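What follows is the residue order along each chain.
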2 protein chains.
Amino acid sequence: MASMATLFAKTPSPSQPFSKTLSTHFIPALKLPVPGRPGARRRLRVSAGLIEPDGGRLVELLVAEPLRGGKRREAVGLPRIKLSRIDLEWVHVLSEGWASPIKGFMRESEFLQTLHFSSLRLADGSVVNMSVPIVLDIDDAQKRRIGRDSNSTSFDGISIEIYKHPKEERIARTWGTTAPGLPYVDEAITNAGDWLIGGDLEVLEPIKYHDGLDRFRLSPAELREEFTKRNADAVFAFQLRNPVHNGHALLMTDTRRRLLEMGYKNPILLLHPLGGYTKADDVPLSWRMKQHEKVLEDGVLDPETTVVSIFPSPMHYAGPTEVQWHAKARINAGANFYIVGRDPAGMGHPIEKRDLYDADHGKKVLSMAPGLERLNILPFKVAAYDKTQGKMAFFDPSRAQDFIFISGTKMRKLARNKENPPKGFMCPGGWKVLVDYYDSLAVAEENGKVPQAVPA
Amino acid sequence: MASMATLFAKTPSPSQPFSKTLSTHFIPALKLPVPGRPGARRRLRVSAGLIEPDGGRLVELLVAEPLRGGKRREAVGLPRIKLSRIDLEWVHVLSEGWASPIKGFMRESEFLQTLHFSSLRLADGSVVNMSVPIVLDIDDAQKRRIGRDSNSTSFDGISIEIYKHPKEERIARTWGTTAPGLPYVDEAITNAGDWLIGGDLEVLEPIKYHDGLDRFRLSPAELREEFTKRNADAVFAFQLRNPVHNGHALLMTDTRRRLLEMGYKNPILLLHPLGGYTKADDVPLSWRMKQHEKVLEDGVLDPETTVVSIFPSPMHYAGPTEVQWHAKARINAGANFYIVGRDPAGMGHPIEKRDLYDADHGKKVLSMAPGLERLNILPFKVAAYDKTQGKMAFFDPSRAQDFIFISGTKMRKLARNKENPPKGFMCPGGWKVLVDYYDSLAVAEENGKVPQAVPA
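Please read these numbers as outputs of a predicted model, since none were measured by experiment.

### What to know about the relation of the copies chain B and chain A
With an RMSD of 0.0 Å, the fit of chain B onto chain A corresponds to turning through 180 degrees and sliding 0.0 Å along the axis. Within this description, the copies of the chain are treated as partners about a two-fold rotation axis. Counting the interface residues of chain B, we find that 100% of their copies in chain A are interface residues as well, pointing to one common contact surface.

### Focus on the packing of helix α4 (residues 108-117) of chain B against helix α6 (residues 167-175) of chain B
Residue and element names in this part refer to chain B. Look at α4 against α6: their axes get within 8 Å of each other, and the N-to-C directions meet at 40 degrees. One way to sum up the angle between α4 and α6 is to call them oblique. Contact with α4, carried on its side by Phe111, Leu115 and His116, involves Glu169, Arg170, Arg173 and Thr174 of α6 and no other residues of that element. For the contact of α4 with α6, the class distribution of residues is two nonpolar, two polar and three charged.

### Describing the packing of aromatic side chains
For the coordinates displayed, the defined rule picks out 26 aromatic pairs over all chains. Summarising the aromatic geometry, the rings of phenylalanine 425 of chain B and tryptophan 431 of chain B are spaced 6.4 Å apart at their centres and angled 80 degrees between planes, so their arrangement reads as edge-to-face. As far as burial versus exposure is concerned, phenylalanine 425 of chain B and tryptophan 431 of chain B are alike and both buried. For lysine 381 of chain A, the ring lying beneath its charged end belongs to phenylalanine 394 of chain A, and the centroid distance is 4.5 Å.

### Quick look at empty space enclosed by the protein
Inspection of the entire model under this criterion finds 10 cavities of 30 Å³ or more. Considered as a void within the structure, the largest cavity measures approximately 130 Å³ in volume. Considering the residues around the largest cavity, the lining is formed by 17 residues, among which Leu115 and His116 of chain A together with Leu115, His116 and Arg173 of chain B are closest to the centre. Here the lining of the largest cavity is built from residues that sort into three nonpolar, 12 polar and two charged.

### Focus: helix α8 (residues 220-229) of chain A
Residue and element names in this part refer to chain A. Counting buried residues along α8, nine of its 10 residues qualify, which places the element largely inside the surrounding structure. Every buried residue of α8 is accounted for by Pro220, Ala221, Glu222, Leu223, Arg224, Glu225, Glu226, Phe227 and Thr228. Positive backbone phi, approximately 60 degrees, marks asparagine 231, located one or two places after α8.

### With respect to the pairing of strand β14 (residues 383-386) of chain B
All names here are of chain B. Here four bridges tie β14 to strand β15 (residues 391-394), and the two strands are oriented antiparallel to one another. From the neighbouring strand, tyrosine 385 faces β15, where its bridge partner is methionine 392. The antiparallel hairpin formed by β14 and β15 contains four residues in its connecting segment, where glycine 390 sits at a positive phi of about 65 degrees. Here β14 pairs with strand β16 (residues 403-404) via two bridges, running antiparallel. Residue pairing in the sheet places tyrosine 385 in a bridge with isoleucine 404 of β16.

### A few points about the sheet that holds strand β16 (residues 403-404) of chain A
All names here are of chain A. Reading across from one edge, β15-β14-β16 is the order of the three strands in this open sheet, with antiparallel pairing throughout. Of all strands in the sheet, those with a lone pairing partner are β15 (391-394) and β16, marking the two edges. Contacting β14 (383-386) and β15, helix α9 (residues 246-261) runs over the sheet at an angle of about 45 degrees to β15.

### Considering the pairing of strand β8 (residues 195-199) of chain B
All names here are of chain B. Counting buried positions over the five residues of β8 gives five, a clear majority of the element. The two faces of β8 match: Trp195, Ile197 and Gly199 on one face and Leu196 and Gly198 on the other face are all buried. The pairing of strand β5 (residues 136-138) with β8 spans three bridges and is classified as antiparallel. Paired with isoleucine 138 across the two strands is tryptophan 195, which belongs to β8.

### Remarks on the interface of chain B and chain A
At the junction of the two partners, chain B supplies 35 residues and chain A supplies 35 residues. For the pair chain B and chain A, the two sides together bury roughly 2900 Å², of which 49% comes from carbon and sulfur. Its largest share of buried area at the contact with chain A, chain B owes to Phe117, Arg173 and Met368 of chain B, together 23% of the area lost on that side. Remark: the boundary between chain B and chain A carries eight salt bridges. For the salt bridge of lysine 164 of chain A with aspartate 358 of chain B, the shortest nitrogen-to-oxygen distance reads 3.5 Å. Counting across the interface, chain B meets chain A through 22 residue pairs in polar contact (both at pLDDT 80 or more). At the level of elements, α4, α6, α11 (319-332) and α12 (361-368) of chain B are the ones that each hand at least two residues to the side of chain B that touches chain A. Class assignment of the residues belonging to the side of chain B that touches chain A gives a composition of 11 nonpolar, 13 polar and 11 charged.

### Structural notes on the UniProt feature "domain: Sulphate adenylyltransferase catalytic" (unreviewed entry) in chain A
Mapped onto the present numbering, the UniProt feature "domain: Sulphate adenylyltransferase catalytic" (unreviewed entry) falls at residues 215-436 of chain A. Annotated as 36% helix and 16% strand, the span residues 215-436 of chain A places its first and last C-alpha atoms 24 Å apart.

### Structural notes on the sheet that holds strand β12 (residues 337-340) of chain A
All names here are of chain A. Taken in spatial order, the five strands line up as β11-β10-β9-β12-β13 in an open sheet, and their pairing is parallel. Each having just a single partner strand, β11 (306-308) and β13 (376-379) make up the two edges of the open sheet. Here the strands of the sheet are splayed against their neighbours by 25 degrees on average, with no regard to which way each runs. Pairing of strand β9 (residues 234-240) with β12 involves two bridges; the strand directions are parallel. Residue phenylalanine 236 lies in a different strand from β12, and its bridge partner there is phenylalanine 337. The strands touched by helix α11 (residues 319-332) are β9, β10 (267-273) and β12; relative to β12, the strand with the most contacts, the crossing angle is about 155 degrees.

Quick notes on the rules
- Throughout, residues of each chain are indexed from 1 in the direction in which the sequence is written.
- Working convention: letters from A go to chains and numbers from 1 go to ligands, in the order in which they are written.
- At least 70 in pLDDT is required for a residue's local features to be given in this predicted model, at least 80 for side-chain atom pairs to be given and counted, and no such filter applies to totals for whole chains, interfaces and linings, which use all residues.
- The basis for every side-chain value is the complete set of heavy atoms in the structure, and neither hydrogens nor water enter the calculation.
- Here the copies are matched by least squares. The fit uses the C-alpha atoms of residues with pLDDT of at least 70 in both.
- Residue contacts are defined here by distance: any two heavy atoms, one from each residue, within 4.5 Å place the two residues in contact.
- Axis angles are defined between N-to-C directions and span 0 to 180 degrees, where every axis is a line fitted to C-alpha atoms and, for a helix, only to the segment in contact.
- Numbering of helices and strands runs from the N terminus, with a helix taken as a DSSP run of H or I at least four residues long and a strand as a DSSP run of E at least two residues long.
- Orientation categories follow fixed angle ranges, with anything under 35 degrees roughly parallel, anything over 145 roughly antiparallel, 65 to 115 roughly perpendicular, and all other angles oblique.
- Under the grouping applied here, Gly and all other residues not named as nonpolar or charged are polar, the nonpolar ones being Ala, Val, Leu, Ile, Met, Phe, Trp, Tyr, Cys and Pro and the charged ones Asp, Glu, Lys and Arg.
- Centres within 6.5 Å are what make two rings of Phe, Tyr or Trp a pair, Trp counting through its six-membered ring; a difference in plane orientation under 30 degrees is then read as stacked, over 60 as edge-to-face, and the rest as tilted.
- Exposed residues in this analysis have more than 50% of their type's maximum accessible area, buried residues have under 20%, and partly exposed residues fall in between, with area computed by a 1.4 Å probe over protein chains only.
- Criterion for a charge above a ring: Arg CZ or Lys NZ at most 6 Å from the ring centre, at most 35 degrees from the ring normal.
- As defined here, a cavity is a set of points on a 1 Å grid over the protein atoms alone where a 1.4 Å probe fits but cannot get out. A pocket is an open set with protein on both sides within 12 Å along at least five of seven lines, and residues line them when an atom is within 4 Å of a point.
- Grid points are joined across faces, edges and corners, and a volume is the space filled by probe spheres set on the points.
- A pair of strands counts as paired when DSSP detects no fewer than two bridges linking them.
- As a working definition, buried area equals the accessible area (1.4 Å probe) given up by two parts on being put together, with both sides summed.
- Any carboxyl oxygen of Asp or Glu within 4 Å of a side-chain nitrogen of Lys or Arg constitutes a salt bridge here.
- For this analysis, a polar contact is any N or O atom pair within 3.5 Å, provided that within protein one partner can donate a hydrogen and the other can accept it, and provided that sequence-adjacent residues contribute only side-chain to side-chain pairs.
- UniProt positions are given in the numbering used here, feature names are shortened, and annotations may be inferred rather than shown by experiment.

Structure, rendered in structure tokens:
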């Protein structure tokens with residue numbers, strides 16, 4: 001009847017800017033080709049051409065508007081759990097059905113299946129992918145306050161479950177390492193409570209961030225509606241958390257060309273930057289969105305066949321495990337093609353001088369993952385700067401000497417030093433956004449402010 | 001055409017006893033109710049009542065006798081890989097089809113699926129369980145000697161694959177921890193080579209240990225034949241690596257009773273001690289077999305409905321991950337019921353004062369594991385010493401004060417001190433074997449010899 005427990009944000013209210021320095025650079029209004037977000041939620045119309053959500057239907061947890069008042073009054077009497085920013089991002093993810101068919105923070109059986117099998121078996125015997133634990137931790141005091149001693153109980157008619165939070169095992173099985181310094185672990189697990197609370201969730205209000213970017217945060221239902229409106233017969237998703245350069249643009253344009261060759265009439269690109277928690281040295285979402293805007297203005301991607309939206313999930317940096325989540329969530333948003341890059345969701349090993357994951361494992365694991373059989377995996381073709389053409393082109397190993405690889409590190413170094421990349425690497429407007437961003441960091445550092453890891 | 005590579009044991013030949021001290025205690029001839037092992041391998045007759053092997057048929061890798069001479073001559077020219085004792089145990093496991101349908105040490109796609117999904121997807125889309133990596137490591141020099149630089153190649157017509165051995169990731173995903181001191185890791189992974197070699201395997205000779213126990217090492221095909229001969233309509237497997245006490249016996253007898261109640265006419269117990277690598281403080285196989293013999297002589301288990309055999313796998317102590325392997329291998333041997341205890345394959349955390357795994361996770365994970373849907377999981381009922389009856393009985397929480405729990409630690413302490421457990425805990429003959437074993441350890445220690453972790 002009531003929500004699992006009443007959830008409140010314990011970090012600064014999401015309607016407040018997180019860092020004064022950065023907030024001054026918030027973009028007042030973007031001009032990206034984004035579909036109008038309806039004021040009221042409309043019913044989902046699923047086109048025959050769109051892939052089915054996992055479990056057959058999108059599980060949306062938002063309480064219908066007429067019922068909210070009553071639920072809110074009921075909730076007053078319930079125990080409260082304060083939410084961190086990352087917890088709130090997961091509530092957002094759950095509320096819109098990105099993780100369909102799960103109906104709330106994971107119960108123990110879902111948590112164990114996620115850790116051991118990266119998938120969940122449903123009541124009808126079918127299997128859906130689920131590789132990253134979506135869990136809510138509470139500490140001993142909170143557990144006591146919720147007033148339950150047993151490990152499984154029901155609460156106002158809704159069964160909830162409180163179970164042990166095996167942090168070491170969770171980390172080892174999710175990341176394949178327990179080395180200190182994993183960003184998500186430091187941020188959300190190390191100091192988390194020793195218990196997890198799971199069960200069905202009812203969300204009383206849509207999650208908003210009031211950062212000027214909410215209109216880009218389309219739910220899976222809204223994306224499906226948009227794809228249907230555009231008569232998409234194929235949707236290919238591109239997950240990103242970095243600035244877009246012309247190599248990416250080439251890849252996306254080329255993917256569309258290949259899909260047309262395969263016989264699709266109207267493939268639509270879902271350009272889908274990750275909007276939740278990212279590590280401190282990633283470019284923050286607001287800057288990335290500004291950069292994406294410039295790239296689109298430059299005409300390298302066709303607004304008619306591109307939908308730009310923000311994926312609200314926080315980032316784990318868990319390589320082959322996490323890339324499955326990135327792909328699975330996009331099925332729920334209607335994508336049936338997923339572009340996978342080299343070392344997706346990877347990073348450097350936190351304490352050893354090597355990459356944490358084999359660069360090919362993400363692609364391989366994704367292609368074998370249970371529950372993702374319906375998704376077409378499109379491996380990323382490697383693009384590099386072709387000196388002979390003066391532009392980004394697919395790498396041709398037979399004339400390797402003609403190409404320059406511009407790594408993320410190199411790109412950041414150039415932007416930080418206000419140098420220009422080779423002409424044709426990125427449109428000048430997009431490059432300027434990057435230079436401005438690093439400039440703002442330098443100013444912040446001079447003023448003694450440390451740049452923060454903020455998702456927006 | 002040829003075997004993947006010619007495999008040779010690099011530790012003492014298995015025909016030699018591993019420890020002089022212990023070898024004097026080897027049992028010359030056991031009198032357990034074991035079916036006669038045929039001199040030549042016979043063709044498998046599968047009863048309609050037996051569960052199908054994973055993948056539909058048992059994959060046996062032993063080369064047919066008439067072809068062995070030719071294969072052996074061919075093999076002379078092939079690169080050689082020396083095998084550790086544990087490697088050889090895995091060759092044994094693979095050669096007899098315990099890990100069906102895999103056909104040799106894992107290729108990378110099998111290894112990755114094992115680590116991420118505890119299961120393998122077969123060509124027909126069906127899924128079999130596979131939770132523990134069965135891999136063969138080689139070092140840089142061996143990789144060079146095999147003469148291949150690429151990551152995937154073919155060898156005399158049979159494709160082999162050499163790929164990186166991501167030790168940390170393997171350990172983290174298999175054990176859920178990377179803490180130092182995991183027995184199998186110390187023994188077989190830490191100092192292992194940085195490469196893994198996988199591919200189809202041909203085994204030129206049955207693996208024998210010449211320790212007086214080979215006749216108990218029935219292959220899955222031989223076990224299936226035995227169950228068929230006995231007209232079993234249900235086979236329930238009991239994995240053990242500890243001495244049997246009357247609580248175990250009660251459980252096994254009670255399980256048979258329950259199966260009869262369910263309508264089965266002739267349920268057969270597979271009493272299946274693990275025979276491969278175990279950690280130093282476990283009771284060695286030879287002593288365990290001697291103890292099992294006494295328990296059976298005592299008549300607590302019915303020889304007519306019990307098959308005693310040795311499971312050749314080495315032990316990982318990987319809790320919920322490993323228990324799936326223990327169960328899956330028994331499907332291949334014809335068992336359709338599997339008894340699962342509290343904290344199966346568990347142990348203490350190597351560096352923290354707690355159990356490594358939640359005691360209930362093994363049972364829970366097993367019941368949800370992909371590829372094990374066909375197997376009936378029977379949770380272990382807790383037996384304890386009932387003072388009012390003077391015997392082992394199922395624990396009744398309503399009169400908890402009447403029961404004494406005798407842990408493994410307590411049992412070992414009693415046996416070491418030559419004290420007797422409460423009458424009715426274990427038959428006197430079985431108890432004497434344990435006392436003798438700890439006595440032999442004390443003698444060895446006095447002589448300055450350290451008892452070794454030997455599987456026999």
